[in-house]
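Below are the chains, spelled out letter by letter.
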Amino acid sequence: MVASSLPHSGSDGSDGSAVLTLDDIRSAQKTLSGVSRMTALEGSRHLSALVGAPVLLKCENLQRTGSFKIRGAYTRIAAMPAAERARGVVAASAGNHAQGVALAASLLGVRSTVFMPVGAPLPKVAATREYGAEVRLHGQVVDETLRAAQEYAAGTGAVFIHPFDHPDIVAGQGTVGLEILEQCPRVRTVVVGVGGGGLAAGLALAVKSLRPDVRVVGVQAEGAAAYPPSLAAGHPVALESVATMADGIKVGRPGDVPFKIVGELVDEVRTVSEDALSSALLLCLERAKLVVEPAGAAPVAALLSAPEEFEGPVVAVLSGGNVDPLVLQRTLRHGMAAAGRYLSLRLRLTDSPGALAALLGELSVADANVLDVSHVRTDPRLGLAEAEVELHLETKGPEHCAEVTASLRRSGYTVLD
């Protein structure tokens, strides 16, 4: 099954033939005056040390609704004729686009309906409702939700607001690029996450129109990387499946409108692993004190994966911060494991009073924090006087993991693979 059934052509101007210019983005910036925020550009000492040049974070996670999506959504709805606005708007999304459309429509006095999957995180559903949209839960997967939204549009006349495949959406997102050039005139490289391509296309058009010498690098999750094969083929190619924790860039097919711009103006699209994404999210939280969703952390993941390949000053766009607390918890655990901060061990020891207490004492001396202990005393694999212990430990990094393991072996414990 094709991973995305988003519409990519039609009478709404999303057939890829529209010509966007810098003037369109400047016009969008005027439209957004007093609506979107010029988000902060924060320096990162840790990333700067890795890259060997200044690295700054463009904090769209602190934008209204928690992501850049308000820029495109407001620009799109504001440009609609009065007759279209009167029919209302409809969107389908499990997160950022839903909230962007809901707030934009509310600010413009337009009725909005947003279809969200039945399993959408409750905080995102609540936020979308609070921004003024009527939320309808439909479908278990996004494809089903999209079809329901499209059927609603066809049946009611409401205008479907595409998350990335429309010229006005791309122009609105491009205002991020104008702000970067204003805030960091010396920028040499801009790194941005890529899903359908609306943000990357708009940003690249703004930046390259004014500073063609600046390198623009797009980043996709390895499990949802539709742009590399599409760029190789010369046209959008739909992936058979997508799988990534970064739901904000979990798109199976590039949009027609952004694809042409990305192909012409984005210098490179590279991919990052799930381990890199979770490590980047952890770094943003620990070092920058910024809550960022996995998709928003993709540019940081690229910098962590190959810091020597980016010329500075570098601006990394943190595209959003709408992460479900449960997802954040799981991702942080994954990030700590990827960073060598967790250690799982199985040990054999003598089944005698005080043996487990002695083991825990050894771990205390080694300064390892015990998170979980499983003590097995009855198993066919064990000898009559043996017990097996499975431990989950919090450590200080890979070197500490090796020290803890070596210390246990020196103390006579049998550490199993």
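Structural data are supplied above this passage.
A quick note: this is a predicted structure, and the numbers were derived from the prediction, not measured.

Calculation criteria
- Residues numbered from 1 in each chain as written.
- Predicted model: local features only at pLDDT ≥ 70, side-chain atom pairs only at ≥ 80, totals over all residues.
- Heavy atoms only, no water.
- Pairing = 2+ DSSP bridges.
- Helix = DSSP H or I, 4+ residues; strand = E, 2+ residues; numbered from the N terminus.
- Axes fitted to C-alpha atoms, helices over the stretch in contact; angles between N-to-C directions.
- Contact = heavy atoms within 4.5 Å.
- Salt bridge = Lys/Arg side-chain N within 4 Å of Asp/Glu carboxyl O.
- Buried < 20%, exposed > 50% of the residue type's maximum accessible area, 1.4 Å probe, protein only.

Enquirer: So what's going on with the sheet that holds strand 8 (residues 215-221)? Residues and values would help.
Expert: Spatially, 1-2-10-7-8-9 is the arrangement adopted by the six strands of the open sheet, whose pairing is mixed. The sheet is open, and its two borders are formed by strand 1 (41-43) and strand 9 (268-272), each paired with just one other strand. The sheet shows a mean angle of 25 degrees between the axes of neighbouring strands, taken without regard to direction. With three bridges connecting them, strand 1 and strand 2 (residues 55-59) associate as antiparallel partners. When the bridges of strand 2 are listed, Leu41 appears paired with Lys58. Along the sheet face, helix 12 (residues 274-286) touches strand 8, strand 9 and strand 10 (314-318) and points at about 90 degrees away from the line of strand 9.

Enquirer: Let's hear about the pattern of salt bridges: which residues, and what values?
Expert: Between side chains of opposite charge, a pair can form when the charged atoms approach closely. Counting across every chain of the model gives 14 salt bridges. Here Asp247 ties to Lys124 by a salt bridge, and the two come within 3.6 Å at their closest N and O atoms. Here the residue Asp247 occupies a position in the loop between helix 10 (227-233) and helix 11 (256-265), and Lys124 occupies one in helix 6 (residues 122-130), the gap between them amounting to 123 residues. In this structure Lys124 comes out as buried when scored by relative accessible area, which is 7%. Here the salt bridges share partners, and the residues they tie into one network are Lys58, Glu60, Arg71 and Glu179.

Enquirer: Give me the environment of Arg147: which residues, what numbers.
Expert: With respect to the secondary-structure elements, Arg147 resides in helix 7 (residues 142-156). Look at Arg147 and you get partly exposed, because its relative accessible area is 40%. Between the C-alpha atom of Arg147 and that of Ala355, which follows or precedes it by 208 residues, the distance is 61 Å.

Enquirer: Provide a residue-level description of the sheet that holds strand 5 (residues 134-137), including the pertinent values.
Expert: Sheets are built from strands that pair by backbone hydrogen bonding, the pairs being arranged parallel or antiparallel. Pairing is parallel in the open sheet, where four strands are placed in the order 5-4-3-6. Single-partner strands in this sheet number two, and they are strand 5 and strand 6 (159-160). Sheet analysis places strand 4 (residues 112-116) next to strand 5, joined by four bridges and oriented parallel. When the sheet's bridge partners are listed, Val114 is paired in strand 5 with Val135. Against the sheet, helix 5 (residues 96-107) engages strand 3 (89-92) and strand 4, with an angle of about 165 degrees to strand 3.

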